[in-house]
Amino acid sequence: MNLLVTLAALLLAATAPDQSFRLDPDDFRWFPLTVGNIPVGVSCRFEVLQGDATVHAELVPMSEFRLFNHGRKHDTHDTMAFTAVGRSGEFRRVIDGRGQYAVIIANESHAQAAVVSLHVDTSAGPGGGDVARTLPPRRQLTVVLTGLAFFFVTVAWSSRKLVLAMRPAMRTTGRSD
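The present account deals with the structure reproduced in this document. Just so it is clear, the model here is predicted, and its values are computed rather than measured.

Here we take up the overall build of the protein. Summing up its helical and strand segments, the protein has 3 helices and 8 strands in all. Each helix (α) and strand (β) of the protein, taken in turn from the N terminus, gives the series α-β-β-β-β-α-β-β-β-β-α. Each of the 177 residues in the protein was classed as buried or not, and the buried ones make up 31%. Long-range contacts, defined as pairs at least 24 residues apart, comprise 82% of the intrachain contacts of the protein with a sequence gap of at least 6. Of the roughly 11400 Å² of accessible surface on the protein, a fraction of 59% belongs to carbon and sulfur atoms.

Below, the discussion takes up the sheet that holds strand β1 (residues 19-23). Read across the open sheet, the 4 strands follow the order β1-β8-β3-β6; overall the sheet is antiparallel. One side of each edge strand has no neighbouring strand; the edge strands of this open sheet are β1 and β6 (88-95). Ignoring which end each strand starts from, the neighbouring axes of this sheet average 25° apart. In terms of strand pairing, strand β3 (residues 40-50) meets strand β8 (residues 114-124) through 10 bridges, oriented antiparallel. From the neighbouring strand, Q50 faces β8, where its bridge partner is V115.

Below, the discussion takes up the environment of G51. Along the chain, G51 turns up in the loop between β3 and β4 (55-61). The spacing of G51 and A111 is 60 residues in sequence and 8.4 Å in space, taken between C-alpha atoms.

An order of β2-β7-β4-β5 is seen for the 4 strands of this open sheet, with the pairing classed as antiparallel. Strands at the two margins of the open sheet, each flanked by one partner only, are β2 (28-35) and β5 (81-82). As paired elements, β2 and strand β7 (residues 99-107) share 8 bridges and run antiparallel to each other. If you follow W30 over to β7, its bridge partner there is I104.

Scanning the model with the defined rule gives 4 aromatic pairs in all. Aromatic pair F21 and F31: ring centres 5.9 Å apart, planes at 45°, arrangement tilted. Here the residue F21 occupies a position in strand β1, and F31 occupies one in strand β2, the gap between them amounting to 10 residues. Residues F151 and F152 carry aromatic rings whose centres are separated by 5.3 Å and whose planes lie at 70° to one another, so their mutual orientation is edge-to-face.

Counted according to the given criterion, the structure contains 2 salt bridges. Residues E90 and R92 are paired through a salt bridge, measuring 3.5 Å at the closest nitrogen-oxygen approach.

Every α-helical turn comprises 3.6 residues, leaving residues that sit three or four positions apart pointing alike. Under the 1.5 Å per step criterion, the end-to-end length of helix α3 (residues 137-173) is 53 Å for 37 residues, consistent within 8% with the ideal 54 Å. The sharpest bend along α3 reaches about 30° and sits at R167, with the proline P168 one to four residues further on.

On the surface, R160, K161, R167 and R171 cluster together into a positively charged patch. Here K161 lies in helix α3. Since its relative accessible area comes to 47%, K161 is described here as partly exposed.

Taken together, the side chains of L141, V144, L145, L148, F151, F152 and V155 define a hydrophobic patch exposed on the protein surface, amounting to about 670 Å² of accessible area. Examined against the element boundaries, V155 turns out to sit in helix α3.

Another aspect to go through is the nonpolar core. In this structure, F46, V55, L59, I95, Y101, I105 and V116 are the most contacted members of the largest nonpolar core, which totals 22 residues. At the level of secondary structure, the elements contributing two or more residues to this core comprise β1, β2, β3, β4, β6, β7 and β8. What V55 contacts, discounting residues up to four positions off in sequence, is L23, F46, V48, A84, V85, G86, I105, A106, N107, A114 and V116. The next biggest cluster of nonpolar side chains, apart from the first, holds 8 residues, and it includes F28, F65, I104 and A106.

Below, the discussion takes up the pairing of β3. The pairing of β3 with β6 spans 8 bridges and is antiparallel. Bridge pairing in β6 links V42 to R93.

What counts and what doesn't
- Residues numbered from 1 in each chain as written.
- Predicted model: local features only at pLDDT ≥ 70, side-chain atom pairs only at ≥ 80, totals over all residues.
- Heavy atoms only, no water.
- Helix = DSSP H or I, 4+ residues; strand = E, 2+ residues; numbered from the N terminus.
- Buried < 20%, exposed > 50% of the residue type's maximum accessible area, 1.4 Å probe, protein only.
- Contact = heavy atoms within 4.5 Å.
- Areas by Shrake-Rupley, 256 points an atom, 1.4 Å probe, with all protein chains shown as cover.
- Pairing = 2+ DSSP bridges.
- Axes fitted to C-alpha atoms, helices over the stretch in contact; angles between N-to-C directions.
- Phe/Tyr/Trp six-rings, centres within 6.5 Å; stacked < 30°, edge-to-face > 60°.
- Salt bridge = Lys/Arg side-chain N within 4 Å of Asp/Glu carboxyl O.
- Expected span 1.5 Å × (residues − 1).
- Bend = angle between axes of the 7 residues up to and from the residue.
- Patch = residues over 30% accessible without salt bridge, like charges linked within 9 Å, V, L, I, M, F, W, Y side chains within 5 Å.
- Lys, Arg positive; Asp, Glu negative; His and termini not counted.
- Charge placed at Lys NZ, Arg CZ, Asp CG, Glu CD.
- Core = buried A, V, L, I, M, F, W, Y, C linked by side-chain atoms within 4.5 Å.

Shown next as structure tokens:
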């Protein structure tokens, strides 16, 4: 019975009409998402109806939203999904963890006021092929840096072994550096 209530609530949320609102320069709106049954697919789409191409959307855990809200000028928060700054954008993400999340729509500080249409859609139990999964930007950076470190350690170790192997051959031919 609990599953039926959850599915009914998700269907109502999925069929909700688009919301339009005004975003002043350096302004944002956020919309809470509570995830109880996992996985849940989240799809977000926005369009600037009036104003410049200076709006973007993000999906963040509530703990990261607090960082965004307090220090957003420094961009010290991790996002789970985001769009590029523009006149329109969209993202899709599967949420695998229960908890509180926020969809943020923000206007740049140097921008004019914008009227934005936003549509957020959720789907319970999305199929594996429905939504692409990506790592948050900080984890992507960690993976890249770890890979580079492993590469450079391997090159240094191989170079050292090669130089040590070449030394006896250089001594017998009378060549040295």
